[in-house]
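# Examining the three-dimensional arrangement
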Amino acid sequence: MSDRIKEGVIKVVCETLKVDEADVTLESRFVDDLGADSLKSLELVAGFEEEFDIEMEEEAALSVKTVGDAVTFISKVVKEQHG
Amino acid sequence: MDLIQKYKDIVRGRGLRVVYPEGNDERLIRAAAECVRENLARPTLLGKPDEIAQKAREAGVALNGVQVLDPGASDKVTGYAELYVKGRDDMSVKVAARLVRKPFAFGAMMLKAGDADLFVGGATVPTAIVIQAASLCAGFEPGISTPSSFFLMDCPQAGPGGAKQMLYADCAINISPNARELAEIAVCTARTAKSLLGREPKTALLSFSTHGSASHADAEKVIEATKLAREMAPGFVFDGELQLDSAISPKVAAKKCPDSPIAGQADVFIFPDLDAGNIAYKLTQYFGGAKAIGPILQGFAKPASDLSRGASVEDVVSATAILGVMAGKGT
């Protein structure tokens, strides 16, 4: 799990959900801990796509529950799409 | 006459533009061709043109009159992204462009931008995806912030109050609506009923209590929702809290609630929660022999609805006709 992806994910999470970086950990759950409603998840996905220049599949992205899940999921997509 | 046939006749020739975001699904391709053949709507299929053309060839379907649009390559993306972030300073156009080039969001932005009148999708994804895209991109109808769903119940015979075709809500989406949400569901469903039933609806907010016969927080919620619904839409008839028999039987109503403006003639039923709504529509369907059409989503600025994953071509065409009739609804 690269630090660059972790930092990028946290940056997008803070910007999109308007939360403080200090409140975000890999264990943070988007809905229960960070106050993301289901609508915000579409904007989060768009933010991640722009940050890492990737394409994420909507339905698969919906299964991501925590910040750590997002880092793992995005690491995999980045590897697939950028080698 | 069959209700769906009636709706097809209403929308035929009106030139309504429908977008199907799942353009490379064979069912949607066939439905689009059917809409053109029957002159029900002008369809747009979203997806890669070569893939859609290939699928259409394999299915033996001609795409004459069907617009095929690839959201990823569309020159509309920047305009839609700008429209999406309008009035917001917390999102860049570049991020918004990532969002609106996804087919469901793109289709919903077509509604918002006035490039489409109806949105029918969800044959390959969970309902949540359709609700997300329509809520975020198309927005809600005036005064509404809760998307909901209804069933159109077509019964073999009229009930004691005369209703044969009725709307039930919410039977599929909102699990435990509060008073405000329940009021919104009531208002939306009354508006929908006006267009689909073609008459002034009588909307009953149902409970286990009639006009204070029982005292409980759950009945209070329905009383409050009735008050809010009347404030939100004073042109419609709402009454609650009512037991089902007080809502549908003039005889019972005369006894239990003689001052009810519905007088036992309700044709729109608003259930206090999803348990009640979901159970009621299945009871009506299985014991009453009613045809249950739905669930259809409502509450968006323009008609947008979900399909079940098992939807047939005919289901897609029927949903398109129903949404087409809803597009003409007044507020």
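Residues numbered from 1 in each chain as written. Chains lettered and ligands numbered in written order. Predicted model: local features only at pLDDT ≥ 70, side-chain atom pairs only at ≥ 80, totals over all residues. Heavy atoms only, no water.

Time to look at the overall build of chain B. Along the backbone of chain B there are 13 helices and 11 strands. Against the globule reference of 20 Å for 331 residues, chain B gives a C-alpha radius of gyration of 21 Å, in line with a compact fold. Put simply, chain B has 331 residues, and 55% of those count as buried. Across chain B, every contact between residues at least 6 apart in sequence was considered, and the portion connecting residues at least 24 apart equals 71%. (Helix = DSSP H or I, 4+ residues; strand = E, 2+ residues; numbered from the N terminus. Rg over C-alpha atoms; globule rule 2.2 N^0.38 Å. Buried < 20%, exposed > 50% of the residue type's maximum accessible area, 1.4 Å probe, protein only. Contact = heavy atoms within 4.5 Å.)

With that settled, consider the domain arrangement of chain B. One frequent convention defines the size of an interface as the accessible area lost when the parts assemble. All names here are of chain B. Taken domain by domain, chain B consists of domain 1 (3–139 + 300–328) and domain 2 (148–292). If you look at the interface, domain 1 gives 7 residues, while domain 2 gives 8 residues. For the pairing of domain 1 and domain 2, the buried interface totals around 720 Å² over both sides, and the portion due to carbon and sulfur atoms is 71%. A per-residue breakdown of the area domain 1 buries against domain 2 is headed by Leu3, Tyr7 and Met326, which together make up 58% of the total. In this assembly, domain 1 and domain 2 are joined by 0 salt bridges. Our count for the domain 1 to domain 2 interface comes out at 1 residue pair in polar contact (both at pLDDT 80 or more). Those elements that provide at least two residues to the side of domain 1 that touches domain 2 are helix 1 (3–11), helix 7 (127–138) and helix 13 (313–326). At 3 residues, helix 13 tops the list of elements feeding residues into the side of domain 1 that touches domain 2. (Domains from an automatic or database assignment. Buried area = accessible area lost by both parts, 1.4 Å probe. Salt bridge = Lys/Arg side-chain N within 4 Å of Asp/Glu carboxyl O. Polar contact = N/O pair within 3.5 Å; in protein donor to acceptor, adjacent residues only side chain to side chain.)

The next thing to look at is the side chain of serine 195 of chain B. Residues and elements named next belong to chain B. Position of serine 195 among the secondary structure elements: in helix 8 (residues 179–197). The class for serine 195 is buried, based on a relative accessible area of 16%. At 2.8 Å, the side chain of serine 195 forms a polar contact with the backbone oxygen of threonine 192.

Chain A puts 19 residues into the contact, and the matching count from chain B is 22 residues. Interface of chain A and chain B: buried area, both sides summed, is about 1700 Å²; carbon and sulfur atoms make up 54% of it. Our count for the contact surface shared by chain A and chain B stands at 7 salt bridges. Note that lysine 18 of chain A and aspartate 90 of chain B form a salt bridge whose closest N and O atoms lie 2.5 Å from each other. Taken together, the connections running from chain A to chain B amount to 11 residue pairs in polar contact (both at pLDDT 80 or more). Those elements that provide at least two residues to the side of chain A that touches chain B are helix 2 (40–52) and helix 3 (58–62) of chain A. Here the element with the most residues in the side of chain A that touches chain B is helix 2 of chain A; it accounts for 9 residues. For the side of chain A that touches chain B, the per-class residue count stands at 7 nonpolar, 3 polar and 9 charged. (Nonpolar A, V, L, I, M, F, W, Y, C, P; charged D, E, K, R; others polar.)

All names here are of chain B. Read from one edge of the open sheet, 5 strands run 3-2-1-4-11, paired in parallel fashion. Single-partner strands in this sheet number two, and they are strand 3 (67–69) and strand 11 (304–306). Along the sheet, successive strands turn relative to each other by an average axial angle of 20 degrees, direction set aside. Direction of pairing for strand 1 (residues 17–20) relative to strand 4 (residues 118–121): parallel, over a ladder of 2 bridges. (Pairing = 2+ DSSP bridges. Axes fitted to C-alpha atoms, helices over the stretch in contact; angles between N-to-C directions.)

Sheet strands pair via backbone hydrogen bonds, and the direction of the pair is either parallel or antiparallel. Residue and element names in this part refer to chain B. Spatial strand order, 8-7-9-6-5-10: 6 strands in an open sheet with mixed pairing. The sheet is open, and its two edges are formed by strand 8 (237–242) and strand 10 (291–298), each paired on a single side. Each strand of the sheet is rotated relative to its neighbour by a mean of 20 degrees, with strand direction disregarded. Contacting strand 5 (148–154), strand 6 (165–169), strand 7 (202–206), strand 8, strand 9 (268–270) and strand 10, helix 8 crosses the sheet at an angle of about 155 degrees to strand 6.

With that settled, the discussion passes to a negative patch on the surface. Residue and element names in this part refer to chain A. On the surface, Asp3, Glu7, Asp20, Glu21 and Asp23 cluster together into a patch of negative charge. Looking at where aspartate 20 falls in the secondary structure, it is placed in the loop between helix 1 (3–17) and helix 2. Under the relative-accessibility criterion, aspartate 20 is labelled partly exposed at 49%. (Patch = residues over 30% accessible without salt bridge, like charges linked within 9 Å, V, L, I, M, F, W, Y side chains within 5 Å. Areas by Shrake-Rupley, 256 points an atom, 1.4 Å probe, with all protein chains shown as cover. Lys, Arg positive; Asp, Glu negative; His and termini not counted. Charge placed at Lys NZ, Arg CZ, Asp CG, Glu CD.)

Now for the pattern of salt bridges. The full count for this structure, using the stated rule, is 29 salt bridges over all chains. Of the charged contacts in the structure, one is a salt bridge between aspartate 9 of chain B and arginine 12 of chain B, with a shortest N-O distance of 2.6 Å. The partly exposed category is assigned to aspartate 9 of chain B, whose relative accessible area is 38%. Residue aspartate 117 of chain B is joined to arginine 17 of chain B by a salt bridge in which the shortest nitrogen-to-oxygen separation is 3.1 Å. Residue aspartate 117 of chain B is located in the loop between helix 6 (103–113) and strand 4, and its partner arginine 17 of chain B is located in strand 1; the two are separated by 100 residues in the primary sequence. One network of salt bridges, in which partners are shared, links Lys18, Lys40 and Glu43 of chain A together with Arg88 and Asp90 of chain B.

Residue and element names in this part refer to chain B. If you walk through the whole model with that rule in mind, you get 7 aromatic pairs over all chains. Pairing phenylalanine 151 with tyrosine 281 gives two aromatic rings, centres 3.8 Å apart and planes at 20 degrees, and the pair type is stacked. Of the two residues, phenylalanine 151 sits in strand 5 while tyrosine 281 sits in helix 12 (residues 274–286), which places them 130 residues apart along the sequence. Assessed through its relative accessible area of 3%, phenylalanine 151 is described here as buried. Assessed through its relative accessible area of 10%, tyrosine 281 is described here as buried. (Phe/Tyr/Trp six-rings, centres within 6.5 Å; stacked < 30°, edge-to-face > 60°.)

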